[in-house]
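Single-letter residue listing:
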Amino acid sequence: KELISGMKNKLSRLAVLLSTTPLLVYAKTAFLPPGWPGSPTARRPSSSAVPPPRAESKAAAGGSGKGGGEVWKVRRVPRVSDWAPVEDSSRTSPLSLKEKVPSSWFVGENDAVAVKVQVDALETLDESCVLPDDFFDSDEEEMECEPELREAFVMAGPRRDIAFDPENCRAAIVTCGGLCPGLNTVIREVVMCLRRQYGVTETYGVREGYRGFLKPETWMRLDEDAVKNLHQQGGTMLGSSRGGHDTNAIVDALADRGVNLLFVVGGDGTLRGAAKIADEVEARGLPISVAVIPKTIDNDVPIIDRTFGFETAVEAARDAIDVANVEAEGFPNCLGVIKVMGRNSGFIAMHSALGCCVADLCLVPEVDFYFDGPGGIADHVYERILRNGKAVLVVAEGAGQKLMEE
């Protein structure tokens, strides 16, 4: 009985220790800034996919260590009410007034997403938290343990409380940079969501990218009739352009037209421009919210399932691989090489190669390789040609950058 009682005591202390330390995190989707290391199984962002957040704070969004200490370092999202006087800044969302709406639809104030989903079970412990060899033989009842702060980000999604009165809202949406499959669908869904879910009936489309802010008379009034079949069309109905960003002129146009909701759809440069707009809005103390929708067919935004346009890009790449394979089969000892997009990530190359089942080699930016010697790609391709009479290579455009530097 004494032995059993002693073991129960030790196990209960171990359970308390583990309960105060985050060992495993289940994460949903989030919009994260770049710089996190990754691979095709843990998405790697492009070099500047998202501008870094301006504020950082520590928040207890999980368990706690000794004395109820904080365990998460959360990147805070600035709110309009932080710098602009918003009348009744906490309003009930129209979504919460709908019948039979489950509470799971809404994101809580403290909901966050961990940067790293897969972790070492003891990685959150510092050196003082390592169990000593005599832990089960010791009579000490407590053990000092301070978990390290882990980075997390505010979760995206609808809130029960919103900042603006939908009846007094005026929205604008702009598409910038290169074309991407799904742009028109994004425009349609923003308009439909604003009208049907929130009751915002006045939405404008800014023509020709950032340049269109200089010509507000060309803005398009978007309603359900204007966008109802838009998802069946390619490109962007608003047009697009590169450059032409004038921060002061853009904010002036938004203020003059009474726009308080701006949706910016674009890639690296576009999102850096949106960050400048947000900074200027805050500096002027204007009640304008700036939201960005990342546009990248490379699928290089961490954590989220996929970016819009990625699946279409994979389908197109598969067609090219099939054609190259047919060509390679028609000639003796033929080598077919297909280069696909992917400057910093190899998702298109990897998914299209796996989907076709005819690729002999797939090169991606996340994995280094070498040409000559045992295990080099030259010997591998040579062996494939000898065995099959052909070889098919799928190469992401950013693969082998270290070799190019050498």
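The shown structure was predicted, so the numbers you read here are calculated from the model rather than taken from an experiment.

Scanning the protein chain from N- to C-terminus turns up nine helices and 14 strands. Residues classed as buried in the protein chain amount to 41% of the 406 residues present. Counting only carbon and sulfur atoms, one obtains 51% of the accessible surface of the protein chain, whose full area is about 22200 Å².

The subject of this paragraph is the packing of aromatic side chains. The full count for this structure, using the stated rule, is four aromatic pairs. Considering the side-chain rings of Tyr204 and Trp219, the 6.4 Å spacing of their centres and the 55° angle between planes classify their relative orientation as tilted. Residue Tyr204 is found in strand S8 (residues 203-206), and its partner Trp219 is found in the loop between S8 and strand S9 (220-222); the two are separated by 15 residues along the sequence. Across the pair, Trp219 and Tyr204 agree in class, each one buried. Where Phe213 meets Trp219, the ring centres are 5.9 Å apart and the plane angle is 85°; that geometry is what we call edge-to-face.

Next up on the list: the sheet that holds strand S13 (residues 361-363). Read across the sheet, three strands follow the order S12-S14-S13 without closing on themselves; strand pairing throughout is parallel. At either margin of the open sheet sits one strand with a lone partner, and together these are strand S12 (334-340) and S13. Taken pair by pair, the neighbouring strands of this sheet meet at an average axis angle of 15°, ignoring direction. Pairing of S13 with strand S14 (residues 390-396) involves three bridges; the strand directions are parallel. Paired with Leu363 across the bridge in S14 is Val395. Each of S12 and S14 is contacted by helix H6 (residues 310-329), which is oriented at about 155° to S14, the strand it contacts most.

Here a disulfide denotes one covalent bond, and it connects the sulfur atoms of two cysteines. Under the criterion given, the structure shown has zero disulfides. Free of any disulfide, Cys357 has its nearest cysteine sulfur in Cys356, 7.5 Å distant. With relative accessibility at 65%, the residue Cys357 sits in the exposed group.

Moving on: the nonpolar core. Among the nonpolar cores identified, the biggest contains 64 residues, and Ile173, Tyr210, Phe213, Leu254 and Ile277 are the most heavily contacted of them. In this structure, Ile173 is in contact with Ile187, Val190, Tyr204, Gly205, Val206, Leu222, Leu238, Phe263 and Val265, ignoring residues within four places of it in sequence.

With that settled, consider the confidence of the model for the protein chain. Residue-level pLDDT values for the protein chain average 78, and 74% of them are 70 or greater. This stretch, residues 10-69, has a pLDDT under 50; its non-local contacts, to residues over four places away or in other chains, come to 153 contacts.

On to the environment of Phe371, then. Relative to the helices and strands, Phe371 resides in the loop between S13 and helix H8 (377-388). For Phe371, a relative accessible area of 44% puts it in the partly exposed group. If we ignore the near neighbours within four places in the chain, the residues touching Phe371 are Gly376, Ile377, Ala378, Asp379 and Leu403.

On to helix H7 (residues 347-356), then. Of the positions making up H7, those classed as buried are Phe347, Ile348, Ala349, Ser352, Ala353 and Cys356. Against the buried residues of H7 lie H6, S12, S13 and S14. In the stretch just after H7, Cys357 is the one whose phi turns positive, near 65°.

Here Met341 lies in the loop between S12 and H7. Considered as a pair, Met341 and Val395 are 54 residues apart in the sequence and their alpha carbons are 8.6 Å apart. Setting aside chain neighbours within four positions, we find Met341 in contact with Ile297, Asp298, Ile348 and Glu397.

Time to look at the sheet that holds S8. The five strands are arranged S9-S8-S7-S10-S11 in an open sheet whose pairing can be described as mixed. In this open sheet, the two strands that pair with only one neighbour each are S9 and strand S11 (289-294). Put simply, the sheet's adjacent strands are angled 25° from each other on average, direction ignored. Of the pairings in the sheet, the one linking S8 to S9 comprises three bridges and is antiparallel in character.

One can describe the packing of H6 onto H7 by two numbers: an axis separation of 9 Å at closest approach and a directional angle of 55°. Considered as vectors, H6 and H7 are oriented oblique to each other. Considering only the axes of H6 and H7, their crossing is right-handed. Note on element contacts: H7 touches H6 through Phe347, Ile348, His351, Ser352, Ala353, Gly355 and Cys356, opposite Phe310, Ala313, Val314, Ala317, Arg318, Ile321 and Asp322. Residues belonging to the contact of H6 with H7 are distributed by class as follows: nine nonpolar, three polar and two charged.

Reading the values: rules and limits
Residues numbered from 1 in each chain as written. Predicted model: local features only at pLDDT ≥ 70, side-chain atom pairs only at ≥ 80, totals over all residues. Heavy atoms only, no water. Helix = DSSP H or I, 4+ residues; strand = E, 2+ residues; numbered from the N terminus. Buried < 20%, exposed > 50% of the residue type's maximum accessible area, 1.4 Å probe, protein only. Areas by Shrake-Rupley, 256 points an atom, 1.4 Å probe, with all protein chains shown as cover. Phe/Tyr/Trp six-rings, centres within 6.5 Å; stacked < 30°, edge-to-face > 60°. Pairing = 2+ DSSP bridges. Axes fitted to C-alpha atoms, helices over the stretch in contact; angles between N-to-C directions. Contact = heavy atoms within 4.5 Å. Disulfide = S-S within 2.5 Å. Core = buried A, V, L, I, M, F, W, Y, C linked by side-chain atoms within 4.5 Å. pLDDT = per-residue confidence, 0-100. Parallel < 35°, antiparallel > 145°, perpendicular 65-115°, else oblique. Left-handed = near helix turned anticlockwise from the far one by under 90°. Nonpolar A, V, L, I, M, F, W, Y, C, P; charged D, E, K, R; others polar.

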